[in-house]
Amino acid sequence: AQARPLYPGHYQPQLPADLGFYDLRVPEVREQQAEMARSCGVEGFCYWHYWFGNGKTALTLPFQEVLKTGSPDFPFCIGWANHTWRASLWDKKYQKLTQADDIIVKQEYPGDDDYKEHFYKLLPAFLDKRYIRVEDKPLFLIFNADDLPDAKHFIDLWQGLARKNGLKGIHFVAKAHMVKRAEKFDKLRNRKDWAKQADEIISQLLEKGFDAVNADSYERAQIVYDGFSRYFMRKIKGYLFPMLPSQKYDYARFMKGYHIEQERREEVYPTIVPRFDKTPRVGNRAVIYAGSTPEKFADTVRVALDMVKDKDFEKRIIFLQSWNEWGEGNYMEPDLKWGGQYVKALKSLIVCEKM
């Protein structure tokens, strides 16, 4: 609510409509969210789960209530948000802190005892009848797959524990960026190399034991949007003139470079983004996809649907990013400007296609 416009016509603050300023600890709110999602063809929620290592967790109460009460009766899966929490992610006044002082909670990977404790903490969820399964295996998303220091060992360990506890295994999904800045810059100049790089990223993750990859191509889309030189000039401009919004992109043009052909592969799950504006968190440093409308969002949904239409039925998976990330202006829920039009746009495509 404290966000302010950064340029003429900038839609801020973005304020909720139908559901209001809600508290996820309230069961009626969770029921309303599920009913709204169900009505527009969303088949389940992916709940972010925070396990920092050594048994340290955060934001557990809403999901624990979902698990304990059996309500809402709506499919779900879990995504492990395995990243360090930093003060500068939430408030721009902390951006000049040293790296050590910036840390709120550090993500750690202590080893097998902690991995086992983590698994058994989630086992009741994996066994829940509502849990989303692929080939009868609970789907488990890992946000920072590359940060997991011994991913293959971790996955093998959990697969063994899953079978030991009556499951056929776990369907591991890695959220992955489809271009790596760490590669030599000359490779990024040639778009033919991007496809090769995306294939390599996918192959490396599958070799570690992941069953699938959730493609996230925002950085690739930025380079497509700007061109190589302007992309890096924009980064330099943001560093030299932090008071000016330097990462504003036209939503429709940006999304044209977002989806990649690799998303047609059985083991790659596309992502659709309704809108994005990080102004509430970081002010002038925000990445903004400007000019999103329900109609333009519908165009991106059509592309993603086309990517999955020829896959095996159980692999026709698309991740929506996200349902209610108001702090990043990345949400489907009704707001004061658009009302429920984003929900209706999704419904017009998903529900009609199922019919």
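Residues numbered from 1 in each chain as written. Predicted model: local features only at pLDDT ≥ 70, side-chain atom pairs only at ≥ 80, totals over all residues. Heavy atoms only, no water.

Engineer: Which parts of the structure should I look at to understand the overall build of the chain?
Structural biologist: If you tally the helices and strands in the chain, you get 13 helices and 17 strands. Among the 355 residues that make up the chain, the fraction classed as buried is 48%. Split by element, the accessible area of the chain, about 17700 Å² in all, is 52% carbon and sulfur. (Helix = DSSP H or I, 4+ residues; strand = E, 2+ residues; numbered from the N terminus. Buried < 20%, exposed > 50% of the residue type's maximum accessible area, 1.4 Å probe, protein only. Areas by Shrake-Rupley, 256 points an atom, 1.4 Å probe, with all protein chains shown as cover.)

Engineer: Sorry if this is basic, but what is going on with unusual backbone geometry here?
Structural biologist: Only a minority of non-glycine residues have a phi that is not negative, and only a minority of peptide bonds are not trans. A cis geometry characterises the amide bond from Ser71 onward to Pro72, with omega recorded as 5 degrees. On the secondary structure map, Pro72 appears in the loop between helix H2 (61-69) and strand S3 (76-80). Cis peptide bonds are those with omega within 30 degrees of zero, and the linkage from Gln321 to Ser322 qualifies with 0 degrees. Tracing the sequence through the fold places Ser322 in the loop between strand S15 (319-320) and strand S16 (324-325).

Engineer: For this particular structure, what's the right way to read the environment of Val351?
Structural biologist: In this structure, Val351 sits in helix H13 (residues 341-354). Along the sequence, Val351 and Gly41 sit 310 residues apart, while their C-alpha atoms lie 5.3 Å from each other. In this structure, Val351 is in contact with Ser39, Cys40, Gly41 and Leu346, ignoring residues within four places of it in sequence. (Contact = heavy atoms within 4.5 Å.)

Engineer: Can you walk me through the packing of aromatic side chains in this structure?
Structural biologist: For any pair of aromatic rings, the description consists of the separation of the ring centres together with the inter-plane angle of the planes. Under the criterion given, the structure shown has 34 aromatic pairs. When the ring of Phe45 is compared with that of Trp323, the centres are 5.9 Å apart and the planes differ by 55 degrees; the resulting orientation is tilted. With Phe45 in strand S1 (residues 45-53) and Trp323 in the loop between S15 and S16, this residue pair connects regions lying 278 residues apart in the sequence. Here the aromatic rings of Phe140 and Trp158 are separated by 5.1 Å at their centres, their planes lie at 40 degrees, and the arrangement is tilted. In this pair, Phe140 sits in strand S7 (residues 137-142) while Trp158 sits in helix H5 (residues 151-164), placing the two residues 18 residues apart along the sequence. Residue classification places Phe140 among the buried positions, given a relative accessible area of 0%. Looking at Trp158, the relative accessible area reads 0%, which means it is buried. (Phe/Tyr/Trp six-rings, centres within 6.5 Å; stacked < 30°, edge-to-face > 60°.)

Engineer: Help me out: how do you make sense of the packing of helix H4 (residues 112-126) against H5 in this one?
Structural biologist: How two helices pack is summed up by the angle between their axes together with the distance between the axes. Here H4 crosses H5 at 45 degrees, and the two axes come no closer than 10 Å. Our classification of the angle between H4 and H5 gives oblique. H4 and H5 meet at a crossing whose hand is right-handed. On H5, the residues that touch Asp112, Tyr115, Lys116, His118, Phe119, Tyr120, Leu122 and Phe126 of H4 are His153, Phe154, Leu157, Trp158, Leu161, Ala162 and Lys164. Split by residue class, the contact of H4 with H5 holds 10 nonpolar, two polar and three charged. (Axes fitted to C-alpha atoms, helices over the stretch in contact; angles between N-to-C directions. Parallel < 35°, antiparallel > 145°, perpendicular 65-115°, else oblique. Left-handed = near helix turned anticlockwise from the far one by under 90°. Nonpolar A, V, L, I, M, F, W, Y, C, P; charged D, E, K, R; others polar.)

Engineer: In this structure, what is going on with the sheet that holds strand S10 (residues 247-250)? I would like to understand it.
Structural biologist: Read from one edge to the other, the open sheet built from three strands follows the order S10-S14-S13, with strand pairing classed as mixed. Only two strands of the sheet have a single neighbouring strand rather than two, namely S10 and strand S13 (276-277). Sheet strands in contact with helix H8 (residues 218-226) are S10 and strand S14 (287-290), and its direction is about 75 degrees off that of S10. (Pairing = 2+ DSSP bridges.)

Engineer: Would you mind going over the nonpolar core with me for this structure?
Structural biologist: Side chains of nonpolar character tend, in soluble globular proteins, to be buried together. Ranked by size, the top nonpolar core spans 49 residues in total, and within it Phe126, Phe140, Phe154, Trp158, Phe172, Met178 and Phe210 carry the most contacts. Setting aside anything within four residues of it in sequence, one finds Met178 in contact with Gln197, Ala198, Ile201, Ile202, Val213, Ala215, Asp216, Ser217 and Ile260. Phe74, Tyr249, Phe276 and Phe297 belong to the second largest nonpolar core, which has 34 residues in total. (Core = buried A, V, L, I, M, F, W, Y, C linked by side-chain atoms within 4.5 Å.)

Engineer: Explanation requested: the environment of Met36 in the structure shown.
Structural biologist: Along the chain, the position of Met36 falls in helix H1 (residues 27-39). Residues Met36 and Met332 lie 296 residues apart in sequence; the distance between their C-alpha atoms is 9.8 Å. Apart from the residues lying within four places of it in its own chain, the contact partners of Met36 are Leu19, Trp323, Pro334 and Val343.

Engineer: Any chance you could explain H8 here in plain terms?
Structural biologist: In an α-helix, one turn spans 3.6 residues, which is why side chains three or four residues apart end up on the same side. The buried fraction of H8 amounts to seven of the nine residues, a majority that puts the element mostly inside the structure. What H8 keeps buried is the set Glu219, Arg220, Ala221, Gln222, Ile223, Tyr225 and Asp226.

Engineer: Is there a simple way to think about H4 in this case?
Structural biologist: Along its 15 residues, H4 runs 20 Å from first to last C-alpha, staying within 8% of the 21 Å computed at 1.5 Å per residue. Approximately 25 degrees is the largest bend angle found in H4, and it occurs at Tyr120, with the proline Pro124 only one to four residues beyond. Residues Asp114, Tyr115, His118, Phe119, Leu122, Leu123, Ala125 and Phe126 constitute the buried set of H4. Buried residues belonging to H4 abut S1, H2, S3, strand S6 (133-134), S7 and H5. (Expected span 1.5 Å × (residues − 1). Bend = angle between axes of the 7 residues up to and from the residue.)

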